[in-house]
Amino acid sequence: KYPVDLEIDVSDAKIGLHGLVAKPMEGKGLDLELSFNVASLSNLSKLAETELPALGPISLTGKLSDSKDSYSIKGMKLQAGKTDLSGDITANLSGKRPALSANLSSNSIDLVELSCGVPAAKKEAKKERVFSADPLPLDGLKSVNANVTINARQIKTSSLILKKTKIVLKLKNGNLSIKPFSTLVAGGSLNGNIGLNASGKTAVLVTDINIKGLEPSQL
């Protein structure tokens, strides 16, 4: 196993890799402590050759390892502005489509800050139908398989704050299942299951949601 002690400073970002690599020429046998820090994502715009949002500071640490056709970051800790995430992530590249598994927890997820001030879509002219006749863009559900669990103490959106939220998401061959989904919102609780099967020609949506004690004035 070859020792690695690498520090990279590029576009005001600092990247560290420390540990061992069994097969460095093949990029396999990884056993590395990873660190990444940048004051603002926008500092990497020139490197990425595209305009990145002014989100920051951003820091990431974790242990990078691999096994056959898969890569993992264990004990990950991510801080992006007011948003934090911690847990384990594994990407398996051996199948027909990539498979992502993750078990994540968070004290705070600020979706307003993560959207970087992107304005909401303008209201369209009044139409006779509630839903557009255009097909829904569901092809992305067929591009990856996933098994993700998220526990968040608080999720901030542009209009609501969700507390004690748990999401267990499974996606396989275009069949999406969120079971369970639970959160405290607007003075009440929301619990349920959501299924969206896009594997066939016509997508099928099934939901079972229970709401208790909701305060309409808070919506």
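Here, the structure is the one placed above.
In this text, all values refer to a predicted model and were calculated from it rather than measured experimentally.

Participant: How should I be thinking about the overall build of the protein chain in this particular structure?
Facilitator: Broken down by element type, the protein chain carries 2 helices and 13 strands. The C-alpha extent of the protein chain, read off along each of the three principal axes, is 65 × 35 × 35 Å. Relative to its full complement of 219 residues, the protein chain shows a buried share of 28%. Expressed as a percentage of contacts within the protein chain between residues at least 6 apart in sequence, the contacts between residues at least 24 apart total 34%. Accessible area of the protein chain: about 14,900 Å², with a carbon and sulfur share of 57%. Between the centroid of the 28 positive side chains of the protein chain and the centroid of its 21 negative side chains there is a distance of 9 Å.

Participant: Teacher, can you tell me more about the pairing of strand S7 (residues 99-106) here?
Facilitator: Residues in a regular strand project their side chains so that they alternate between the two faces of the sheet. Both strand S6 (residues 83-92) and S7 contribute to a ladder of 7 bridges, which runs antiparallel. Note that in S7 the partner of glycine 87 across the bridge is leucine 104. Following S6, the chain reverses through 6 residues before pairing antiparallel with S7. One ladder, built from 8 bridges, connects S7 with strand S9 (residues 145-156); its direction is parallel. Each bridged residue has a counterpart across the sheet, and for serine 105 the counterpart in S9 is asparagine 151.

Participant: Just checking my understanding: could you explain the pairing of strand S11 (residues 175-185) for this structure?
Facilitator: When strand S10 (residues 161-172) meets S11, the two strands line up antiparallel, connected through 7 bridges. Across the sheet, the residue bridging to lysine 166 is serine 182, located in S11. Between S10 and the antiparallel strand that follows it, S11, lie 2 residues; asparagine 173 among them carries a positive phi value of about 55°. Here S11 folds back onto strand S12 (residues 188-197) in antiparallel fashion, the turn holding 2 residues, of which alanine 186 has a positive phi close to 50°.

Participant: Could you clarify how one ought to interpret the nonpolar core in this entry?
Facilitator: Of all hydrophobic cores here, the largest spans 35 residues; its most connected members are Phe36, Val38, Ile58, Met76, Leu141 and Leu176. By residue number, the principal contributor to this core is strand S3 (residues 28-38), which donates 5 residues. With residues up to four places along the chain from it excluded, the contact list for leucine 141 reads Leu171, Gly174, Leu176, Leu196 and Ala198.

Participant: Could you clarify how one ought to interpret the environment of alanine 133 in this entry?
Facilitator: Residue placement: alanine 133 occurs in the loop between helix H2 (111-114) and S9. Alanine 133 sits in the exposed class, given a relative accessible area of 76%. In this structure the C-alpha to C-alpha distance between alanine 133 and valine 206, which are 73 residues apart in sequence, comes to 20 Å.

Participant: What should I look at first to understand a nonpolar patch on the surface in this one?
Facilitator: Together, Ile209, Ile211 and Leu214 make up a nonpolar patch on the protein surface, roughly 240 Å² of accessible area in all. By the element assignment, isoleucine 209 lies in strand S13 (residues 204-212). Judged by relative accessible area, which is 43%, isoleucine 209 ranks as partly exposed.

Participant: For this particular structure, what's the right way to read the environment of asparagine 103?
Facilitator: Secondary-structure assignment places asparagine 103 in strand S7. Along the backbone, asparagine 103 and glycine 174 are 71 residues apart, and their C-alpha atoms lie at a distance of 21 Å.

Participant: In this structure, what is going on with the environment of glycine 140? I would like to understand it.
Facilitator: On the secondary structure map, glycine 140 appears in the loop between H2 and S9. A residue is classified by how much of its surface remains accessible, and glycine 140, at 44% relative accessible area, is partly exposed. Residues glycine 140 and glycine 174 lie 34 residues apart in sequence; the distance between their C-alpha atoms is 8.1 Å.

What counts, and at which threshold
- Throughout, residues of each chain are indexed from 1 in the direction in which the sequence is written.
- Selection of residues for local features in this predicted model requires a pLDDT of at least 70, selection of side-chain atom pairs for listing and counting requires 80 or more, and totals for whole chains, interfaces and linings are taken over all residues.
- In computing side-chain properties, one takes all heavy atoms of the structure into account and sets aside hydrogens as well as water.
- Helix numbering and strand numbering both begin at the N terminus, where a helix is a DSSP run of H or I of at least 4 residues and a strand a DSSP run of E of at least 2.
- Three labels apply to residues, based on accessible area from a 1.4 Å probe with only protein chains included: buried if under 20% of the type maximum, exposed if over 50%, partly exposed otherwise in between.
- Contacts were defined at the residue level, with two residues in contact if any of their heavy atoms lie within 4.5 Å.
- Computed with a 1.4 Å probe, the accessible areas rest on the Shrake-Rupley method; for each residue, only the protein chains presented here act as cover.
- In this tally Asp and Glu are treated as negative and Lys and Arg as positive; neither His nor the chain ends contributes.
- A charged residue contributes its charge at one atom only: NZ of Lys, CZ of Arg, CG of Asp or CD of Glu.
- Strand pairing is assigned whenever DSSP identifies at least 2 bridges connecting the two strands.
- Remark: nonpolar core denotes a set of buried residues (Ala, Val, Leu, Ile, Met, Phe, Trp, Tyr, Cys) joined through side-chain atoms within 4.5 Å.
- A residue counts toward a patch only above 30% relative accessible area and without a salt bridge, and it is joined to like-charged neighbours within 9 Å or, for Val, Leu, Ile, Met, Phe, Trp and Tyr, to nonpolar neighbours within 5 Å.
- Think of a salt bridge as a Lys or Arg side-chain nitrogen and an Asp or Glu carboxyl oxygen that are within 4 Å of each other.

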